[in-house]
Amino acid sequence: MNILRPKSFDEYIGQETIKRLLKISVDAAKKRNEMLDHILLSGPPGLGKTTLASILAYEMGKNFKFAIASALQKPIDLVGLLTSIDKEGSVLFIDEIHRLPKNLEEILYISMEDYIVDISVSKGVGAQSIRLNLPPFTLICATTKPGLLSSPLIDRFGIHGYFEFYQVEELTAIIKRSAQFLELDIEEEASEFLAKRSRFTPRVANKLLRRVRDYVQVNKIKLIDVEAARKSLEIINIDDLGLNDLDRKYLRALKDIFKGGPVGIDNISQFLGESPETIEDLCEPYLLKIDFIQRTPRGRILTENALNYLESKNYEKSL
């Protein structure tokens, strides 16, 4: 169990617009004694979509079931998940819903709308099926690529919340909160130092804090200051912009091998030896955010900001 994961809206830092919408929806559903609408949460990885889904289940006082869409590849997989819902009002969370095969989407949105699922009991021309009623439930889905979802599926969600990147002040507060749970003493300046290198992402912030924890414990440092934080990040090659080795390899390949672009993601993937999904999920959201690359119909293009970075002392120090 992740002790750093918030358990309630009050503990959850950031995403105020989505939080306000969901709090109103939860309160209204409770007062009417009704089911919470199905919810679609979208945005870059690591911004707290799974955490918010678990908070919604907690706030509604309902059972929480978790699944990853990539594990649901056959009808029997999805039907098995849906028929495991045994209590009315349960919250079912499916992560990376865009990875759900298209032939399973119809099964899902029919169950969302009518709370039924059909199970095939024979094959061929005279195939027969049994219709099962499901207890009313709330489906929460998360995706980093909402554009890959079909319109009929998207239409079944009553609430759509889009997650934005976090501000440094919010990340600083998250790091301070996490340090308390990890029983670490950290200076305000050190918290801000880590926040500025966290790629605007809470998951990265907590990951960096854990690496700092390793460093200070091994070196018997009681108080985390900026110097301890800096040395910790130097060990794992995180520079002042929060860029890591894969980011720098990506940028250098785009500059030296592909002459600044445009170049397709498959070519970049083959050169780096990483899957397109890894590059699109782990590298590009942040590089787009800081205007180091651009996506065009013809492919990825390196920006002037990235060229300046690759020629800077900051880049040379990270090598």
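Residues numbered from 1 in each chain as written. Predicted model: local features only at pLDDT ≥ 70, side-chain atom pairs only at ≥ 80, totals over all residues. Heavy atoms only, no water.

For the protein, the domain assignment lists domain 1 (9-162), domain 2 (168-236) and domain 3 (245-313). For domain 1 versus domain 3, the distance between C-alpha centres works out to 34 Å. Contacts between the two partners involve five residues from domain 1, matched on the other side by four residues from domain 3. For the pairing of domain 1 and domain 3, the buried interface totals around 350 Å² over both sides, and the portion due to carbon and sulfur atoms is 48%. Three residues stand out in domain 1 for area buried against domain 3, namely Pro45, Arg99 and Lys145, and they jointly supply 81% of the buried area on that side. Between domain 1 and domain 3 we count two salt bridges in total. For Arg99, the salt bridge identified is with Asp281, shortest N-O distance 3.8 Å. Counting every contact that joins domain 1 to domain 3 gives one residue pair in polar contact (both at pLDDT 80 or more). Of the residues in the side of domain 1 that touches domain 3, the class split is two nonpolar, one polar and two charged. (Domains from an automatic or database assignment. Contact = heavy atoms within 4.5 Å. Buried area = accessible area lost by both parts, 1.4 Å probe. Salt bridge = Lys/Arg side-chain N within 4 Å of Asp/Glu carboxyl O. Polar contact = N/O pair within 3.5 Å; in protein donor to acceptor, adjacent residues only side chain to side chain. Nonpolar A, V, L, I, M, F, W, Y, C, P; charged D, E, K, R; others polar.)

In this section: the sheet that holds strand 1 (residues 39-42). Across the sheet, which stays open at both edges, the five strands sit in the order 2-3-6-1-7 with parallel pairing between neighbours. Single-partner strands in this sheet number two, and they are strand 2 (64-68) and strand 7 (159-162). This sheet shows a mean twist of 15 degrees between the axes of neighbouring strands, independent of strand direction. As paired strands, strand 1 and strand 6 (residues 138-143) are joined by four bridges and run parallel to one another. When the sheet's bridge partners are listed, Leu41 is paired in strand 6 with Ala142. Strands in contact with helix 1 (residues 16-32) are strand 1 and strand 7; relative to strand 7, the strand with the most contacts, it is inclined by about 155 degrees. (Pairing = 2+ DSSP bridges. Helix = DSSP H or I, 4+ residues; strand = E, 2+ residues; numbered from the N terminus. Axes fitted to C-alpha atoms, helices over the stretch in contact; angles between N-to-C directions.)

Turning our attention to the UniProt feature "binding site: ATP" (unreviewed entry) in the protein. In the numbering used here, UniProt assigns the "binding site: ATP" (unreviewed entry) feature to Ile3, Arg5, Gly46, Lys49, Thr50, Thr51, Glu113, Asp114, Tyr115, Arg156, Tyr166 and Arg203. With sequence-adjacent residues up to four places away left out, Lys49 is seen in contact with Leu41, Ser42, Gly43, Pro44, Phe93, Ala142, Thr143, Thr144 and Phe163. A distance of 2.8 Å separates a polar atom in the side chain of Lys49 from the backbone oxygen of Pro44. Mapping Thr50 onto the fold places it in helix 2 (residues 49-60). A relative accessible area of 21% places Thr50 in the partly exposed class. Excluding its chain neighbours within four sequence positions, the residues that come into contact with Thr50 are Arg5, Phe66, Phe93 and Asp95. (UniProt positions renumbered as here; feature names shortened; annotations may be inferred. Buried < 20%, exposed > 50% of the residue type's maximum accessible area, 1.4 Å probe, protein only.)

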